[in-house]
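Next come the chains, spelled out residue by residue.
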Amino acid sequence: MTATESSMAQIARRMLSAKAEQFTESVIREMTRLALKHNAVNLSQGFPDFAAPAEVKEAARQAISDDINQYAITWGAKPLRDAIVEKFERTQGVRVDPEREITICCGSTEAMMAAMMAIINPGDEIVVFEPFYENYGPDAILSGATPRFVKMRPPANENSFWSYDEKELAAAFGPHTKAIILNTPNNPTGKVFTRAELEFIRDLCVRWNAFCITDEIYEHILYDGAEHISMARIEGMRERTIVINGNTPNNPTGKVFTRADASIPSARSPSAAGRRRR
Amino acid sequence: MAAMMAIINPGDEIVVFEPFYENYGPDAILSGATPRFVKMRPPADENSFWSYDEKELAAAFGPHTKAIILNTPNNPTGKVFTRAELEFIRDLCVRWNAFCITDEIYEHILYDGAEHISMARIEGMRDRTIVINGMSKTYSVTGWRVGWAIAPPEATSAIRKVHDFLTVGAAAPLQQAGAIALHSPQSYYDKLAASYAEKRARLLKILEQAGFTVFKPRGAYYIMTDISRFPDPDPRRFAAGTKDVAFAKYLVEEIGVATVPGSSFYNDPRDGAKQVRFTFCKKESTLAAAEARLAKLHA
């Protein structure tokens, strides 16, 4: 590098965003790059190394052949939104409006970021359980929210689960709380929030007039009879909940989709927030 | 958006030519930048192009300028920036230590021998330029959402971080197809430009016959028009804001042709009140249908 280039590089560095300086690229996804580099067995990033469902692949090939290659409308193709309505009603018993309450995004990652940018103002706080999926940190920084972390503690023995202290959780809420970020089933702990836990969180959301942004991408990956309960289904939370997910259209075989980070996610929300996000 | 979020700090200003592609407005708001607009004026006659005042452009730069947003070939005007214009902008970027974010998505859609020059190629700009491009327009796959940014390593590292947390990544199978598409032979691009040249000629004729004042584009696939010659639509039925909005509503509801009102390309809607944008990236049967419907218009 010549002296001129090096000084230009310094100029460029000084010119970058202070927000972007506050976080690094994903550690999880960096581990996959390292795994490739060192030919390691990759048990880091959560993506299947087995085949995606044949029907889904065929549907994608067919759509491309049929020239469905131009812009979908901004909030998503009607058949997919209708499929989401049908599925959410079937699995959670909650009926949502495909015209006013659903936005299809480029990945649930974008859905989460769009949701945060849609609701956050300077000074707003978000409550985040720890350990947390690393994206929620940069989501907070880029949208300008201040995160308040609440610790979850590892199970004490084989018969208990990850847990948090209710007082600590209550103390994290306050007049500046805009939302709590929930992820159930949880990455990385595998915790599945119970109805009692969700109702406790509901009471705090109602008391402090906060949203619940709930990342439910692992809804179908459950063990030992665990039941996934969407926050949208908890009484009083329908209008305060933004559901982030990554479902695909009706699966004729009824198989569980194997993609942990699906490419056709959706955000469902009370319609006012839905309109802002769009 | 990733590029903007990667470089903008509170108080930063960006310089934006007007009329502008409407996304740049929300990009600025969401990233926290304050836009400073510089007007481009429609061509006075058939032999001139959209132009701006150099003094106005120079005055828009200052100590808070973080970047200028350039779009060449330009949406909606079809302007293709010349080397002299790019060098003038370069001098301002160097003087005020600013980036140039240059949206070159229409690089292969050029007419009348116009040449696309990337700002990254202008001497002294390699390290200040963030090139934005994508598959949408060159390969006619606007629904795939595969685009890219080319920037110096430090800026790239910030862009990658933002991108990582905005989306993780663009659709993998479509990126694979992109690698093949970008190896298309020159004949593909020649054919693309030739085909759009025919469509441009077709829509220009349709619009002129229908009574529009047309501004012939040198690139991209839009025609900006002036609607001054048309009477105001019935205010009782099309009461919306500026004339362009009322006229566009009238066109879509009564005539059956959808367009984009000019005001959506301006900061102050009144500045675009006499303009409406048409696109011609359509097959012949679509253009023919538009022709038949626009024939019902009377200037």
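Being a predicted model, the structure only gives us computed values, none of them experimental.

Engineer: Sorry, what's going on with the overall build of chain B here?
Structural biologist: When helices and strands are counted, chain B shows nine helices and ten strands. Its C-alpha radius of gyration of 20 Å places chain B within 12% of the 19 Å reference for a compact globule of 299 residues. Taking the principal axes of the C-alpha coordinates as reference, chain B spans close to 55 × 45 × 35 Å. Considering only intrachain contacts with a sequence separation of at least 6, the fraction spanning at least 24 residues in chain B is 65%. Accessible area of chain B: about 13300 Å², with a carbon and sulfur share of 53%. Charge centroids of chain B, computed over 35 positive and 35 negative side chains, lie 3 Å from each other.

Engineer: Would you mind going over the interface of chain A and chain B with me for this structure?
Structural biologist: A common way to state how big an interface is: give the accessible area lost once the parts meet. Taken together, the 33 residues of chain A in the interface contact 32 residues of chain B. Overall, the association of chain A and chain B removes approximately 2900 Å² of surface from exposure, summing both partners, and the carbon and sulfur fraction of that is 62%. Inspection of the region where chain A meets chain B yields one salt bridge. Note that D164 of chain B is salt-bridged to R29 of chain A, the shortest N-O span being 2.3 Å. Here chain A is connected to chain B by 17 residue pairs in polar contact (both at pLDDT 80 or more). Mapped by element, the contributors of at least two residues to the side of chain A that touches chain B are α1 (3-14), α2 (18-21), α6 (107-119) and α7 (136-143) of chain A. Its residues assigned to classes, the side of chain A that touches chain B shows 16 nonpolar, seven polar and ten charged.

Engineer: Even after reading the chapter, I still don't get the domain arrangement of chain A, so can you show me in this structure?
Structural biologist: All names here are of chain A. Domain parsing of chain A yields domain 1 (16-41) and domain 2 (54-277). Of the roughly 630 Å² buried where domain 1 meets domain 2, counting both sides, 60% is carbon and sulfur surface. The largest per-residue losses of area from domain 1 upon contact with domain 2 belong to K19, F23 and R29, which jointly make up 64% of the total buried on that side. Linking domain 1 to domain 2 there are zero salt bridges. With three residues, the single largest contributor to the side of domain 1 that touches domain 2 is helix α3 (residues 27-38). A per-class count over the side of domain 1 that touches domain 2 returns three nonpolar, two polar and two charged.

Engineer: Help me understand the sheet that holds strand β5 (residues 129-134) of chain B, please; the structure alone is not making it clear to me.
Structural biologist: Paired through their backbone hydrogen bonds, the strands of a sheet run either parallel or antiparallel. Residues and elements named next belong to chain B. The six strands lie next to each other as β2-β1-β3-β4-β5-β6, forming an open sheet whose pairing is mixed. Each edge of the open sheet is held by one strand with a lone partner, namely β2 (34-39) and β6 (147-150). Taking each pair of neighbouring strands and ignoring which way they run, the sheet shows an average axis angle of 20°. In the sheet, strand β1 (residues 13-18) pairs with β2 via six bridges, with the strands oriented parallel. By the bridge assignment, V16 is partnered in β2 with F37.

Engineer: What is the right way to read the confidence of the model for chain A from this model?
Structural biologist: Low pLDDT marks stretches whose predicted atomic positions should not be read closely. Residues and elements named next belong to chain A. On average, chain A scores 85 in pLDDT, and the residues at 70 or more come to 83%. Note on residues 1-5: pLDDT is under 50 here. Beyond four places in sequence and across chains, it has two contacts. For the stretch residues 248-265, pLDDT sits under 50, and the model shows 49 contacts to residues farther than four places along the chain or on other chains.

Engineer: Help me out: how do you make sense of the sheet that holds strand β10 (residues 275-279) of chain B in this one?
Structural biologist: Residues and elements named next belong to chain B. The four strands lie next to each other as β7-β8-β10-β9, forming an open sheet whose pairing is antiparallel. Where the open sheet ends on each side, the last strands, each with one partner, are β7 (213-215) and β9 (260-261). With two bridges connecting them, β9 and β10 associate as antiparallel partners. Residue pairing across strands places P261 opposite V276, the latter belonging to β10. Those strands touched by helix α8 (residues 243-255) are β9 and β10, and its axis lies near 40° from that of β10.

Engineer: Looking at this structure, I do not really get the nonpolar core. What am I missing?
Structural biologist: Soluble globular proteins tend to pack their nonpolar side chains together in the buried interior. Formed by 31 residues in total, the largest nonpolar core has its most connected members in I7, I14, F99, I101, I130 and V162 of chain B. Broken down by secondary-structure element, the contributors of at least two residues to this core are α1 (2-7), β1, α2 (24-31), β3 (65-71), β4 (99-103) and α5 (153-167) of chain B. Setting aside residues no more than four positions away along its own chain, V162 of chain B makes contact with A20, F23 and L142 of chain A together with A2, M5 and A6 of chain B. Listed in part, the 29 residues of the second largest apolar core include Y106, Y221, L251 and I255 of chain B.

Definitions and limits used
Residues numbered from 1 in each chain as written. Chains lettered and ligands numbered in written order. Predicted model: local features only at pLDDT ≥ 70, side-chain atom pairs only at ≥ 80, totals over all residues. Heavy atoms only, no water. Helix = DSSP H or I, 4+ residues; strand = E, 2+ residues; numbered from the N terminus. Rg over C-alpha atoms; globule rule 2.2 N^0.38 Å. Contact = heavy atoms within 4.5 Å. Areas by Shrake-Rupley, 256 points an atom, 1.4 Å probe, with all protein chains shown as cover. Lys, Arg positive; Asp, Glu negative; His and termini not counted. Charge placed at Lys NZ, Arg CZ, Asp CG, Glu CD. Buried area = accessible area lost by both parts, 1.4 Å probe. Salt bridge = Lys/Arg side-chain N within 4 Å of Asp/Glu carboxyl O. Polar contact = N/O pair within 3.5 Å; in protein donor to acceptor, adjacent residues only side chain to side chain. Nonpolar A, V, L, I, M, F, W, Y, C, P; charged D, E, K, R; others polar. Domains from an automatic or database assignment. Pairing = 2+ DSSP bridges. Axes fitted to C-alpha atoms, helices over the stretch in contact; angles between N-to-C directions. pLDDT = per-residue confidence, 0-100. Core = buried A, V, L, I, M, F, W, Y, C linked by side-chain atoms within 4.5 Å. Buried < 20%, exposed > 50% of the residue type's maximum accessible area, 1.4 Å probe, protein only.

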